[in-house]
Amino acid sequence: MAGFQDIIGQEQIKEHMRNVLTTGKVSHAYIINGEKSSGKEFIARVFVMALQCEKGGAEPCQECRSCKQALSDNHPDIIRVTHEKPNTISVEDIRRQVNNDVAIKPYSSPHKVYIINEAEKMTVQAQNALLKTLEEPPEYAVILLLTANVNSLLSTILSRCVVLNMKPVADELVKKFLMHEMMVPDYKAEICVAFARGNIGKAKALAASEEFENVKSEALSLLKYINEMELNEMISAIKKITEYKLEINDYLDIIAIWYRDVLLFKATNDVNHLVFREEVQALRKTAQHCSYEDIENIIEALEKAKKRLDSNVNFELAMELLMLTIQENS
């Protein structure tokens, strides 16, 4: 299925899109801005399918020829812009797949739609090339830019697009989805929700990941015994984590949530709102050892480590500094 009712949360975006479909006032360009895995591609897919649907209306019928072609990714008038270089959408990609193609009228639909996923990867030259089409688009052309970083797009592009910002999905909606649709047990759903922070795609990936459980166990084991470990032991424990397919930021999030639990338990002595409540003995012990300032230092160090890794600082150095800060404050 792929209708607006299948999109969890994002009420403002759904309302805007339904309104466009009902009134027929379609803009030539839209930007859907939201973090990685938050569901931008799915929203674009539903909107574009409804836009091309032969029956018209605010929902795709999913039964007409156009909808069936869209569902099978085989629609002649829905063009997904591809790029060979993994981290770059080049000026040639835009010229070849958008600019040189847009003058050709739609094959069988009222619109010709171009979907540019990971639009933040467009070079400045690629964006300037796209601008030429955005400035004078043919009547039938609709361009969708999907991005995890709207600030990477030129202001001249932003000013010619309708910008739709995705919002974090409410925790209870994410939990309900995991439990009802993916049959995830209550406790595991809560942990996935805590990590996903309103990102439905991330919650689904964590719920389906066997490795997540292993990474979580190893991270908690490290945190419980960190005071007794030598630096080289800590580093080899982290290297082991990198063998899993999970991103290092997910690992750092496990540590961050552990210390948020420590902080919460220290402040309230209440187990009910803890994410890792099955580890209450270890949390109690850590809370007794750490002052509020210690915990804040660790949470700050985690944010610093993330920034260092984003800036391509040497992995071992960034993790060494983090582990030493955790050890000093534990």
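Conventions used here
Residues numbered from 1 in each chain as written. Predicted model: local features only at pLDDT ≥ 70, side-chain atom pairs only at ≥ 80, totals over all residues. Heavy atoms only, no water. Helix = DSSP H or I, 4+ residues; strand = E, 2+ residues; numbered from the N terminus. Expected span 1.5 Å × (residues − 1). Buried < 20%, exposed > 50% of the residue type's maximum accessible area, 1.4 Å probe, protein only. Contact = heavy atoms within 4.5 Å. Pairing = 2+ DSSP bridges. Axes fitted to C-alpha atoms, helices over the stretch in contact; angles between N-to-C directions.

### Examining helix α2 (residues 40-52)
Because an α-helix packs 3.6 residues into every turn, residues spaced three or four apart end up facing the same way.
Item 1. Between its terminal C-alpha atoms α2 stretches 18 Å, which fits the 18 Å expected from 13 residues at 1.5 Å a residue.
Item 2. Of all 13 residues in α2, 10 are buried; the element is thus mostly enclosed.
Item 3. For α2, the complete set of buried residues consists of Lys40, Ile43, Ala44, Val46, Phe47, Val48, Met49, Ala50, Leu51 and Gln52.
Item 4. Its buried side turned inward, α2 meets α1 (11-23), β1 (29-33), α3 (65-71), β2 (78-80), β3 (112-116) and β4 (141-147).

### Description of the pairing of β1
Item 1. Within β1, five of the five residues are buried, leaving the element largely enclosed by the surrounding structure.
Item 2. Alternating positions in β1 separate into two faces, Ala29, Ile31 and Asn33 on one and Tyr30 and Ile32 on the other, with burial throughout.
Item 3. Bridge analysis of β1 against strand β5 (residues 162-165) gives four bridges, and the strand direction is parallel. Note on β5: the bridge partner recorded for Ile32 is Leu164.

### Notes on the sheet that holds β4
Item 1. With parallel pairing, the five strands of this open sheet are ordered in space as β2-β3-β4-β1-β5. Strands at the two margins of the open sheet, each flanked by one partner only, are β2 and β5. Within this sheet the neighbouring strands show an average axis-to-axis angle of 20°, counted without direction.
Item 2. Sheet topology places β3 next to β4; five bridges connect them, and they run parallel. In the strand pairing of β4, Lys112 is matched with Ala141.

Note that all results are geometric; they support no functional claim without further evidence.
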